[in-house]
Number of protein chains: 2
Amino acid sequence: MDNILLMLPGPTTVDPRVLQAMGKSVVNHRGDEFGVIYDETTELMSKTFQTKNSSYILTGSGTSAMEAALANLVGKDEKVLNVVGGKFGGRFKEIADVHGINAQTLDVEWGTAVTPDMVEEALEADEDIKAVTVVHNETSTGVAAPIEEIGEVMKNYDALYIVDTVSSLAGDAVNVDKFHIDACVTGSQKCIAAPPGLAAVTFSDDAWAAAEKVESNSYYLNMPKYQKNGAKSPAQTPYTPSVNLIYALKEALEIIQAEGLDNRVARHHQAAAATRDAVKALGLELFPDESVSSATVTAVKMPEGLTDDQVRGTMLNKYGVQLAGGQDHLKGNIIRIGHMGVISYKELAITFTALGLTLKGLGKDIDAGAGVAALANHY
Amino acid sequence: MDNILLMLPGPTTVDPRVLQAMGKSVVNHRGDEFGVIYDETTELMSKTFQTKNSSYILTGSGTSAMEAALANLVGKDEKVLNVVGGKFGGRFKEIADVHGINAQTLDVEWGTAVTPDMVEEALEADEDIKAVTVVHNETSTGVAAPIEEIGEVMKNYDALYIVDTVSSLAGDAVNVDKFHIDACVTGSQKCIAAPPGLAAVTFSDDAWAAAEKVESNSYYLNMPKYQKNGAKSPAQTPYTPSVNLIYALKEALEIIQAEGLDNRVARHHQAAAATRDAVKALGLELFPDESVSSATVTAVKMPEGLTDDQVRGTMLNKYGVQLAGGQDHLKGNIIRIGHMGVISYKELAITFTALGLTLKGLGKDIDAGAGVAALANHY
């Protein structure tokens, strides 16, 4: 099964260098050697977030970091505005509910993107909003939110700007300081292309000031404790960290720096544009409007007359390429093609050759090679 | 630094087989292949817990599992009895406080163990106690609590029995069903000897019934979601799991089954007895009463006239053996020798040869070989 090509919106293929780094011996996580590794890793995270602020690594999934951000910055009965245009936007609302936070939703139709005007209007209408949550890259719909432009609105308001870049950081443009982001969270297994199991969080000074006043009811995800322990010498985490995954994350972040963040983002945009054209050349329809389509995952409407089992099943079982299906009410209605992390023309050439053959084999009257041909023009 | 011998109460030395298993390619955590691996791993966890109930794997530290148990079983303003005789017992109390749980403490002097009578008395005095938390193996003091005997008391009361076996499972006797434990939690990096980053939880039927009624204010650590997703086909976790660490945990649990749980526990007790005699033969004093001394970590009073830096520093820098120091108010007052996981006469022979030489080198009038000689008599 090792040769299944993962074309998922996470986890993504991990460089053998990263897997190898992970296999180093475990060291004491309270000792000097680990302290240096942890410091280097968090500094690399801050470089990747493009922030002057410190970053912190959580042993947990991206969801743990979403909860850490929201539950430490907005207290019980305080008001948060959750932009919801997909499953992960909705997750912030669910987290708010669990913590007794007063969640207001800004509902956006799945497949479309929130606009800066919509956020501004909501902020104007309610001055009690303490924070706004935005999912940069909604993997459930393949839509990218304009987080830079929303940041231009947010900077004029006191509300904290919380952005989930779990599936965009190191794949699409994220510049935490320039975009006026107060709390940014990400995961290890998406565009960073490390194994799953870690998440990262960075807070602005305003966010830390808010965190000091909030009585968070999360013990494991208490961010001030991460801050306090990170400042110790040697640097530490409050609870036992996943030492080997931190070795892996460090290696993956070094690979990113060596490639150059801008180059890496451009490579993802190139893959996304190539994917969209290849999809269209096979007679398929994109799910979101192309103008807001994600740089890291492309959502495609299910070809008429075919089922998810037929299309994704054939792709996996006959051609060894794993695509993602739809989630929640989009289950069975869309196919999602992840193009994250280690992504080049090679993986896409395999994917679109297979997809063309799959559709042709399932009776579609198409030129099986049209997708991969369209793709080639982008490289 | 790879040849530093870790004699810590976690993390412990990881078998190369386990590190190698961890390096396998990442697979889709929503797919059939991973579902089978996850099922096999949780079944092995239940075998290790010695319970007929299902187990669940959290991507997080042992603390995350402590919080998952307590916050899902005891609601806001409900009463919990926290047995506190060390740092980790105190952690349950801190978790209770964060969640607004009414925490009653049963304080036990650090270095001594709680008795079944003390628990019974507390339960008799207050019928509102909904759950009791006990740390089986208090690594901060090197004391083992009599969890089997406490279980004989607990079975006569409605209160749920929550036991932290983070640093004892697969090293000291833990039989969840026989000991009437309702919620048992552990970590990957102690006696199980896998890398850090995972925790495991198992609940009894009574615990699940309680969890259904509690409105937990933790999103990431919501146990009913783990139950619901674990029952799916393929089996899943609610949020992205640490796939590679689960490969490693599975391998480590298979090694445990191959050795045999009873054999493994006996090996730990042998190492503990040998350690205690070696310590005494070097003229040192045990911190806890020997009758309640842990099977997996031995706490030793700091030799008179010497500092932590001198003893542990020399052990590490001159002899390449890493011991743990004291925590909280025991900092500088005790040394802790972990003998967990892959532990045999070999590691102890190195440790006690080094410790004898260290003490002699620091001016103690002792026979440097007395410790290792005493140790040899146990094998």
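It should be emphasised that the depicted structure is a prediction, and the values quoted were computed from it without experimental measurement. (Residues numbered from 1 in each chain as written. Chains lettered and ligands numbered in written order. Predicted model: local features only at pLDDT ≥ 70, side-chain atom pairs only at ≥ 80, totals over all residues. Heavy atoms only, no water.)

### Considerations on the overall build of chain A
So, step 1. For chain A, the helix and strand inventory stands at 13 helices and 13 strands.
So, step 2. In terms of overall dimensions, chain A is globule-like: its C-alpha atoms have a radius of gyration of 21 Å, near the 21 Å expected for 379 residues.
So, step 3. For chain A, the spread of C-alpha atoms along the principal axes amounts to about 60 × 55 × 30 Å.
So, step 4. Relative to its full complement of 379 residues, chain A shows a buried share of 66%.
So, step 5. Contacts in chain A between residues far apart in sequence, at least 24 positions, make up 72% of those at least 6 positions apart.
So, step 6. In the structure as shown, chain A presents an accessible area of about 13,600 Å², 46% of it carried by carbon and sulfur atoms.
So, step 7. Taking the average place of the 31 positive charges on the side chains of chain A and the average place of its 49 negative ones, the gap between the two points comes to 6 Å. (Helix = DSSP H or I, 4+ residues; strand = E, 2+ residues; numbered from the N terminus. Rg over C-alpha atoms; globule rule 2.2 N^0.38 Å. Buried < 20%, exposed > 50% of the residue type's maximum accessible area, 1.4 Å probe, protein only. Contact = heavy atoms within 4.5 Å. Areas by Shrake-Rupley, 256 points an atom, 1.4 Å probe, with all protein chains shown as cover. Lys, Arg positive; Asp, Glu negative; His and termini not counted. Charge placed at Lys NZ, Arg CZ, Asp CG, Glu CD.)

### Some thoughts on the sheet that holds strand β13 (residues 334-338) of chain A
Residues and elements named next belong to chain A.
So, step 1. Ordered in space as β1-β12-β13-β11, the four strands form an open sheet in which the pairing is mixed. On the outer flanks of this sheet lie β1 (5-7) and β11 (297-301), each paired with one strand and no other. With direction set aside, neighbouring strand axes in the sheet form an average angle of 35°.
So, step 2. Here five bridges tie β11 to β13, and the two strands are oriented antiparallel to one another. By the bridge assignment, Val297 is partnered in β13 with Gly338.
So, step 3. Helix-sheet contacts for helix α11 (residues 308-317) involve β12 (321-325) and β13, and the interaxial angle to β12 is about 155°. (Pairing = 2+ DSSP bridges. Axes fitted to C-alpha atoms, helices over the stretch in contact; angles between N-to-C directions.)

### A short note on the sheet that holds strand β8 (residues 160-164) of chain B
All names here are of chain B.
So, step 1. Strands sit in the order β2-β10-β9-β8-β5-β3-β4 across an open sheet of seven strands; the sheet is mixed. Edge positions in the sheet fall to β2 (55-59) and β4 (102-107), since each of these pairs with one other strand and no more. Direction aside, the axes of adjacent strands within the sheet are offset by 20° on average.
So, step 2. Relative to strand β10 (residues 198-203), β2 is paired through five bridges, and the arrangement is antiparallel. Within β10, the residue paired with Tyr56 across the bridge is Val201.
So, step 3. Against the sheet, helix α4 (residues 87-98) makes contact with β3 (79-84), β4, β5 (129-135) and β8, and its axis sits at roughly 155° relative to β3, the strand it touches most.

### Regarding the pairing of strand β10 (residues 198-203) of chain A
Residue and element names in this part refer to chain A.
So, step 1. Here β10 lies mainly inside the structure; six of its six residues are buried.
So, step 2. Burial along β10 is two-sided: the residues Leu198, Ala200 and Thr202 and Ala199, Val201 and Phe203 are all buried.
So, step 3. In the sheet, strand β9 (residues 183-187) pairs with β10 via five bridges, with the strands oriented antiparallel. Bridge assignment links Gly187 to a residue of β10, and that residue is Ala199.

### Side note on the state of the cysteines
All names here are of chain A.
So, step 1. Here the structure, examined in full by the defined rule, presents zero disulfides over all chains.
So, step 2. Between Cys184, a cysteine without a disulfide, and Cys191, which holds the nearest cysteine sulfur, the sulfur-to-sulfur distance is 12 Å.
So, step 3. Its relative accessible area of 0% is what places Cys184 among the buried residues. (Disulfide = S-S within 2.5 Å.)

### Focus on the relation of the copies chain A and chain B
So, step 1. Superposing chain A onto chain B takes a rotation of 180° combined with a translation of 0.0 Å along the rotation axis, leaving an RMSD of 0.0 Å. This pairing of chains is accounted for by a two-fold axis. Looking at the rotation axis and the C-alpha trace of chain A, the residue lying nearest is Gly60 of chain A, at 2.7 Å. (Least-squares fit on C-alpha atoms with pLDDT ≥ 70 in both.)

### Things to note about the interface of chain A and chain B
So, step 1. Counting from both sides, the interface comprises 48 residues of chain A and, opposite them, 47 residues of chain B.
So, step 2. Of the roughly 3,700 Å² buried between chain A and chain B on both sides combined, carbon and sulfur atoms contribute 64%.
So, step 3. Contact with chain B buries area across many residues of chain A, yet Val26, Tyr219 and Tyr220 of chain A alone supply 18% of it, more than any other trio.
So, step 4. For the interface between chain A and chain B, the tally reads zero salt bridges.
So, step 5. On the surface where chain A and chain B come into contact, there are ten residue pairs in polar contact (both at pLDDT 80 or more).
So, step 6. Mapped by element, the contributors of at least two residues to the side of chain A that touches chain B are α1 (16-22), α3 (62-73), α4 (87-98) and α9 (243-259) of chain A.
So, step 7. In terms of residue count, α4 of chain A provides more of the side of chain A that touches chain B than any other element does, four residues in total.
So, step 8. Each residue belonging to the side of chain A that touches chain B can be placed in one class, and the counts come to 21 nonpolar, 20 polar and seven charged. (Buried area = accessible area lost by both parts, 1.4 Å probe. Salt bridge = Lys/Arg side-chain N within 4 Å of Asp/Glu carboxyl O. Polar contact = N/O pair within 3.5 Å; in protein donor to acceptor, adjacent residues only side chain to side chain. Nonpolar A, V, L, I, M, F, W, Y, C, P; charged D, E, K, R; others polar.)

### Remarks on the packing of aromatic side chains
What characterises a pair of aromatic rings is the spacing of the ring centres plus the angle enclosed by the ring planes.
So, step 1. Following the criterion strictly, the structure yields twelve aromatic pairs over all chains and no others.
So, step 2. For the pair Tyr56 of chain B and Trp208 of chain B, a centre-to-centre distance of 5.7 Å together with 85° between the ring planes defines the contact as edge-to-face. Taken together, the positions of Tyr56 of chain B in strand β2 and Trp208 of chain B in helix α7 (residues 205-213) put the pair 152 residues apart, joining distant regions of the chain. Like Tyr56 of chain B, the residue Trp208 of chain B is buried in the burial classification.
So, step 3. Put simply, the rings of Tyr56, Phe203 and Trp208 of chain A touch in pairs and so form one group of aromatic residues.
So, step 4. In this structure, Lys24 of chain A packs its charged tip against the face of Tyr247 of chain A, placed 4.7 Å from the ring centre.
So, step 5. Stacked on the ring of Tyr219 of chain A, the Lys or Arg Lys225 of chain A has its end atom at 3.7 Å from the ring centre. (Phe/Tyr/Trp six-rings, centres within 6.5 Å; stacked < 30°, edge-to-face > 60°. Lys NZ or Arg CZ within 6 Å of the ring centre and 35° of its normal.)

### Regarding helix α6 (residues 147-154) of chain B
Residue and element names in this part refer to chain B.
So, step 1. Residues Ile147, Ile150, Gly151, Val153 and Met154 constitute the buried set of α6. The buried residues of α6 occupy one face: seen down the axis, they fall within an arc of 155°.
So, step 2. Buried residues belonging to α6 abut α5 (116-125), β5 and β8. (Arc of directions from axis to C-beta.)

### Re unusual backbone geometry
Most peptide bonds are trans, and most residues other than glycine sit at a negative phi.
So, step 1. At the junction of Ser233 of chain A and Pro234 of chain A, the peptide bond is cis and its omega measures out at 0° in the coordinates.
So, step 2. With respect to the secondary-structure elements, Pro234 of chain A resides in the loop between α8 (223-230) and α9.
So, step 3. Phi is positive for Ala193 of chain A, close to 65°, though the residue is something other than glycine.
So, step 4. Summarising the element assignment, Ala193 of chain A is placed in the loop between β9 and β10.
So, step 5. Given a relative accessible area of 5%, Ala193 of chain A falls into the buried group.
So, step 6. One non-glycine residue, His180 of chain B, lies in the positive phi region at around 60°.
So, step 7. Within the element layout of this structure, His180 of chain B appears in the loop between β8 and β9 (183-187).

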